[in-house]
Amino acid sequence: MELFSQRKGINPHKSVIQVDSVDTELRNGLWNALYMCCWSLLEPRHGAHPPLLSQNPEIQQLVIRLWRDYFKWPLDTRGDEWLRIFGTIRNYYFNCEWYEVYDFIEFVIHNYPDIKMCDALIERCNSILERELSAYRFVGGRITQITSEEEIGEIEKALQVPVAPIKEHLDCSLTLLADRQNPDYRNSIKEAISAVETLCRMITKDEKATLGKALKETKKHIKLHPTLEHAFEKLYGYTSDEGGIRHALMDQPNIGFEDARFMLVACSAFINYLIEKSSKAGIEL
């Protein structure tokens, strides 16, 4: 659901895909992944004495490396009382900068001796990063950006188009993509394609044309670069032929965030391109 603050431009859409920030939900989710895979192994038992770090050699090894190589604190300040150590780590995590959240998790994964736990933590983290629409994922054990500032810039620029039907389709596409509880990637792709289709119909003055036909007619009105024209025709084919989103693919479970994100970025960029070309050709939309 698109929030009031986003519709009014107070909290812009850029905050939907988290590039230079980590919001509370994302920070909490990543901490919970750390807790379930790692910290809970020394969780106090009811009626038992407070746990000691030395009771778990693997966590002990990780903490020594954290103190020595990450925090760069004197090792003799560490102690063996797990609850105190845990509180120190937790306090750091929930007060550090957004990029330090990623530094910390990456360090844990590269310094915890249990490889199976690390694989489980990476899997959990990637699930949370996708759910909370972070621009990053673990790839090859390293946190890697998968959504660039330029891609987000194309979406934001297209959302400023002063043509209500186009903006409505793009808004709907982004809202469906950004719904953290129940994202609808198939319909997000449909709405992104529909925004391009609407623009091409406006350029050609043919309200009933499909995108395939409208693209062919559009080049009669404005000069399209042949490579871009053919590329988008092929992209449209991906969404409309018998193996595409409007037919057999509707029944397939493999449409994901990356597919919908790519289509939204590609459609936004193409819309920006067509609008600039139309303006130069003197076409009123």
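Residues numbered from 1 in each chain as written. Predicted model: local features only at pLDDT ≥ 70, side-chain atom pairs only at ≥ 80, totals over all residues. Heavy atoms only, no water.

Engineer: Tell me what's going on with the overall build of the chain, and back it up with residues and numbers.
Structural biologist: Helix and strand counts for the chain come out as 12 helices and two strands. Overall, the chain shows an N-to-C arrangement of helices and strands of α-α-α-α-α-α-β-β-α-α-α-α-α-α. Per-residue burial for the chain yields a buried fraction of 45% across its 285 residues. Relative to all contacts within the chain whose residues are 6 or more apart in sequence, the contacts with residues 24 or more apart total 65%. (Helix = DSSP H or I, 4+ residues; strand = E, 2+ residues; numbered from the N terminus. Buried < 20%, exposed > 50% of the residue type's maximum accessible area, 1.4 Å probe, protein only. Contact = heavy atoms within 4.5 Å.)

Engineer: Quick rundown of the packing of aromatic side chains? Include the residues and the values.
Structural biologist: Using the criterion set out here, one finds 24 aromatic pairs in the structure. Taking the centre distance of 5.9 Å and the plane angle of 40° together, the rings of tryptophan 39 and tryptophan 82 count as tilted. With tryptophan 39 in the loop between helix H2 (24-37) and helix H3 (57-70) and tryptophan 82 in helix H4 (residues 82-93), this residue pair connects regions lying 43 residues apart in the sequence. Residue class for tryptophan 39 comes out buried when judged on its relative accessible area of 1%. (Phe/Tyr/Trp six-rings, centres within 6.5 Å; stacked < 30°, edge-to-face > 60°.)

Engineer: I'd like to hear about unusual backbone geometry, residue by residue, with values.
Structural biologist: A positive phi angle, near 60°, is found at lysine 72, a position not held by glycine. Inspection of the secondary structure puts lysine 72 in the loop between H3 and H4.

Engineer: With reference to specific residues and values, describe the pairing of strand S1 (residues 136-139).
Structural biologist: Relative to strand S2 (residues 142-145), S1 is paired through four bridges, and the arrangement is antiparallel. Bridge pairing in S2 places phenylalanine 138 opposite isoleucine 143. (Pairing = 2+ DSSP bridges.)

Engineer: Before we move on, can you summarise the side chain of glutamate 106 with the specific residues and values?
Structural biologist: Inspection of the secondary structure puts glutamate 106 in helix H5 (residues 98-111). Given a relative accessible area of 18%, glutamate 106 falls into the buried group. Once residues lying within four places of it in the same chain are set aside, the contact partners of glutamate 106 are Phe138, Gly141, Arg142 and Ile143.

Engineer: Break down the nonpolar core for me, citing the residues and quoting the values.
Structural biologist: Counting 47 residues, the largest nonpolar core has Leu30, Trp39 and Phe104 as its most contacted members. Every element with two or more residues in this core is listed here: H2, H3, H4, H5, helix H6 (115-131) and S1. In contact with phenylalanine 104, other than residues within four places in its own chain, are Leu34, Trp39, Leu66, Tyr70, Phe71, Ile89, Tyr92 and Tyr93. Counting residues in hydrophobic clusters, the runner-up holds 38 residues, among them Val163, Phe232, Ile271 and Leu274. (Core = buried A, V, L, I, M, F, W, Y, C linked by side-chain atoms within 4.5 Å.)

Engineer: Give a description of helix H7 (residues 149-159) that names residues and reports values.
Structural biologist: Three or more residues of H7 are buried, namely Ile152, Ile155, Ala158 and Leu159. Buried residues in H7, looked at end-on, bunch into an arc of 125°, giving them a common side. Considering only its buried residues, H7 is in contact with helix H8 (164-178) and helix H12 (257-280). (Arc of directions from axis to C-beta.)

Engineer: Pulling in residues and values, what's your account of the packing of H3 against H4?
Structural biologist: Where H3 contacts H4, the two axes come as close as 12 Å, and the packing angle between them is 50°. By the angle between their directions, the pair H3 and H4 is classed as oblique. The crossing of H3 and H4 is left-handed. Packed against H3, whose contacting residues are Ile59, Val63, Leu66, Trp67 and Tyr70, the element H4 presents Trp82, Ile85, Thr88, Ile89 and Tyr92 at the interface. (Axes fitted to C-alpha atoms, helices over the stretch in contact; angles between N-to-C directions. Parallel < 35°, antiparallel > 145°, perpendicular 65-115°, else oblique. Left-handed = near helix turned anticlockwise from the far one by under 90°.)

Engineer: So what's going on with the confidence of the model for the chain? Residues and values would help.
Structural biologist: A residue-level look at the chain finds 86% of positions with pLDDT of 70 or above and a mean pLDDT of 83. Note that residues 246-250 has pLDDT below 50 and, in this model, 19 contacts with residues that lie over four places away or in other chains. (pLDDT = per-residue confidence, 0-100.)

Engineer: Please set out the environment of glutamate 81 residue by residue, giving values where relevant.
Structural biologist: Relative to the assigned elements, glutamate 81 resides in the loop between H3 and H4. You can call glutamate 81 exposed: its relative accessible area is 52%. Separated by 29 residues in sequence, glutamate 81 and leucine 52 place their C-alpha atoms 5.0 Å apart. Not counting the four nearest positions on each side in its chain, glutamate 81 is found in contact with Pro51 and Leu52.

Engineer: Go over the packing of helix H9 (residues 185-204) against H12, please, and point to the residues and values.
Structural biologist: Interaxial distance between H9 and H12 falls to 8 Å at its minimum, and their mutual angle equals 10°. Taken as axis vectors, H9 and H12 run roughly parallel relative to one another. When H9 is examined against H12, the residues Tyr185, Ser188, Ile189, Ala192, Ile193, Ala195, Val196, Leu199, Cys200 and Ile203 are found in contact with a partner set consisting of Phe257, Asp259, Ala260, Met263, Leu264, Cys267, Phe270, Ile271, Leu274, Ile275 and Ser278. Among the residues forming the contact of H9 with H12, the class breakdown is 18 nonpolar, two polar and one charged. (Nonpolar A, V, L, I, M, F, W, Y, C, P; charged D, E, K, R; others polar.)

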